[in-house]
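# Examination of the molecular architecture
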Amino acid sequence: MKANLVLLPGDGIGPEITAEAKRVLENVASRFGHEFTFSSHQIGGIAIDSCGDPLPAETIDACKASDAVLLGAVGGPKWDDPSAKTRPEVGLLKIRKELGLFANLRPIRLFDELVDASPLKREIIEGTDILFFRELTGGIYFGDSGRSGSGAGETAFQSMAYSVMEVERIVRLAAKAAQQRDNRLTSVDKANVLEPSRLWRQTAARVMAEEFPDVKFDVVLVDAMAMHLINRPRDFDVVVTGNLFGDILTDEASMLPGSLGMLPSASLGEGGPGLYEPIHGSAPDIAGKGIANPLATILAAAMLLRHSLSLADEADAIEAAVGKVLADGLRTSDLARGGKAIGTKEMSEAVLDRLA
Ligand code: NAI
Ligand code: MG
């Protein structure tokens, strides 16, 4: 197949890790007979430096015309000046909005070889493989807010709202993903207290009964879910939840594997291009040293193939190659724990080698 892919390297280690993910995508394209074209565009601090805008119009246009977007990371101390007119993160928030990306996907998968990096015991964590769908453009983060009164009586509020349409579209995406996996979906809410959660639960249950009767569906309260993630993470396959709960639960879950440098994420909308990125930031402390772990970005590239291009075999091949590299004991410094560490390029070359 032909695909037009946009790279947004961004700042810090972003250019180093996206360059390696691009090599992996090129390798997969030639191996499986696809034609991927790449174009690089600016976002974040580097875009502020060159044109004063963290998301130039040219970048937006290129992303909208693409099949999918692979992002490195944005930000760094250089742009942290509080008096600055704009910030690198503004570019990231804006591109998500421009592309209508309402679903944030975060796989929490523990590679067997890294079980010992987890803060949890092997018996509990081994085999964990969860895919979170967090609603990204609605809920309390986008609700009406304000303040009134003064002194001890000063009061602030922020309201939470969800519409049936907003719940339906993300539940459908999550249910379809479940059908490609273990066929189980868990919806997380706070329906014992919150009215938007009651609508969420009711809508999710209806969509599942009407459209996905084959998918095993259950509901869990968010406070209970916070506990289950720590004491029985293996019991979950696909999890769908609102913006606030998803923000907190995905950060909690991202600690389970014990290594930030391994975790990819994706943001999807309806139809248009998806945005794929590692969950870590621009790691300014190690930028330019050639030691950043490229695996989260390489795994984000695998998600791109799976979710935007429907190339599941190709995605599986990349994930398997990453597993082999880890099984062979290769580690970048973030994973090496004092042992022998290899650099960014050596790591991606090892992945290319195992793809062969
Ligand atoms: P960070 O994720 O960049 O770094 C945290 C720690 O993990 C650092 O010690 C870093 O060296 C290490 N690390 C991160 N990714 C790594 C990798 N691939 N390989 C090896 N080590 C890695 O988070 P931090 O330090 O809080 O933020 C740094 C900058 O990144 C800030 O400007 C922040 O705003 C930005 N940021 C950007 C994000 C994005 O673009 N999506 C997300 C989070 C932070
Ligand atoms: Mg968060």
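Naming follows an unreviewed UniProt entry, where the protein chain appears as 3-isopropylmalate dehydrogenase of Novipirellula herctigrandis. Quoted verbatim from the Subcellular location (unreviewed entry) heading of the UniProt record, the comment on the protein chain is "Cytoplasm".

### Comments concerning the sheet that holds strand β5 (residues 129-135)
Strands sit in the order β2-β1-β3-β12-β11-β4-β5-β10-β8-β9 across an open sheet of 10 strands; the sheet is mixed. Sheet topology places β2 (35-40) and β9 (216-221) at the edges, where each strand pairs with a single neighbour. The sheet shows a mean angle of 20° between the axes of neighbouring strands, direction not considered. Sheet analysis places strand β4 (residues 103-109) next to strand β11 (residues 264-268), joined by three bridges and oriented antiparallel. Bridging across to β11, Ala 103 finds its partner in Leu 268.

### Notes on the packing of helix α1 (residues 14-32) against helix α13 (residues 344-355)
Close contact between α1 and α13 brings their axes to 10 Å; oriented N to C, the two are set at 15°. Accordingly, the angle class assigned to the pair α1 and α13 is roughly parallel. Of the two elements, α1 crosses α13, and the hand of that crossing is right-handed. Where α1 approaches α13, its residues Glu 16, Ile 17, Glu 20, Arg 23, Val 24, Asn 27, Val 28 and Arg 31 are matched on the opposing element by Thr 344, Lys 345, Ser 348, Val 351, Leu 352 and Leu 355. A per-class count over the contact of α1 with α13 returns six nonpolar, three polar and five charged.

### Digging into the pairing of β9
The pairing of strand β8 (residues 184-189) with β9 spans six bridges and is classified as parallel. If you follow Thr 186 over to β9, its bridge partner there is Asp 218. Read as a crossover between parallel neighbours, the route from β8 over helix α7 (residues 195-211) to β9 is right-handed.

### Topic: the domain arrangement of the protein chain
Assigned domains within the protein chain: domain 1 (1-116 + 258-356) and domain 2 (129-255). Centre-to-centre, using C-alpha coordinates, domain 1 lies 26 Å away from domain 2. The partner domain 2 presents 16 residues to the 15 residues of domain 1 that form the contact. Of all the elements in the fold, those that place two or more residues in the side of domain 1 that touches domain 2 are β4 and β11. Among the elements that make up the side of domain 1 that touches domain 2, the one with the highest residue count is β4 (seven residues). In terms of residue class, the side of domain 1 that touches domain 2 is made up of nine nonpolar, two polar and four charged.

### Looking at the UniProt feature "domain: Isopropylmalate dehydrogenase-like" (unreviewed entry) in the protein chain
The sites that UniProt annotates as "domain: Isopropylmalate dehydrogenase-like" (unreviewed entry) are residues 4-351. Between the end C-alpha atoms of residues 4-351 the distance is 23 Å, and the span holds 42% helix and 19% strand.

### Re the pairing of strand β1 (residues 2-10)
As paired elements, β1 and β2 share six bridges and run parallel to each other. Following the sheet pairing, Leu 7 is matched in β2 by Ser 40. Taken together, β1, α1 and β2 form a β-α-β motif whose crossover is right-handed. Strand direction decides the pairing type here: β1 and strand β3 (residues 68-73), joined by five bridges, are parallel. Across the sheet, Leu 7 pairs through a bridge with Leu 70, a residue of β3.

### Looking at the UniProt feature "binding site: Mg(2+)" (unreviewed entry) in the protein chain
The positions UniProt marks with the feature "binding site: Mg(2+)" (unreviewed entry) are Asp 223, Asp 247 and Asp 251. What stands out for the annotated residues spanning 29 residues is how close their C-alpha atoms remain, the widest pair being 14.4 Å apart. Turning to its location among the elements, Asp 247 is positioned in helix α9 (residues 243-254). Taking the number of C-beta atoms within 10 Å as the measure of exposure, Asp 247 has 18 and is therefore partly exposed. The topology assignment puts Asp 251 in helix α9.

About the criteria used
Residues numbered from 1 in each chain as written. Chains lettered and ligands numbered in written order. Predicted model: local features only at pLDDT ≥ 70, side-chain atom pairs only at ≥ 80, totals over all residues. UniProt positions renumbered as here; feature names shortened; annotations may be inferred. Pairing = 2+ DSSP bridges. Helix = DSSP H or I, 4+ residues; strand = E, 2+ residues; numbered from the N terminus. Axes fitted to C-alpha atoms, helices over the stretch in contact; angles between N-to-C directions. Parallel < 35°, antiparallel > 145°, perpendicular 65-115°, else oblique. Left-handed = near helix turned anticlockwise from the far one by under 90°. Contact = placed C-beta atoms within 7 Å. Nonpolar A, V, L, I, M, F, W, Y, C, P; charged D, E, K, R; others polar. Right-handed = clockwise from strand over helix to strand, strands pointing away. Domains from an automatic or database assignment. Buried ≥ 20, exposed ≤ 12 C-beta atoms within 10 Å, placed from the backbone.

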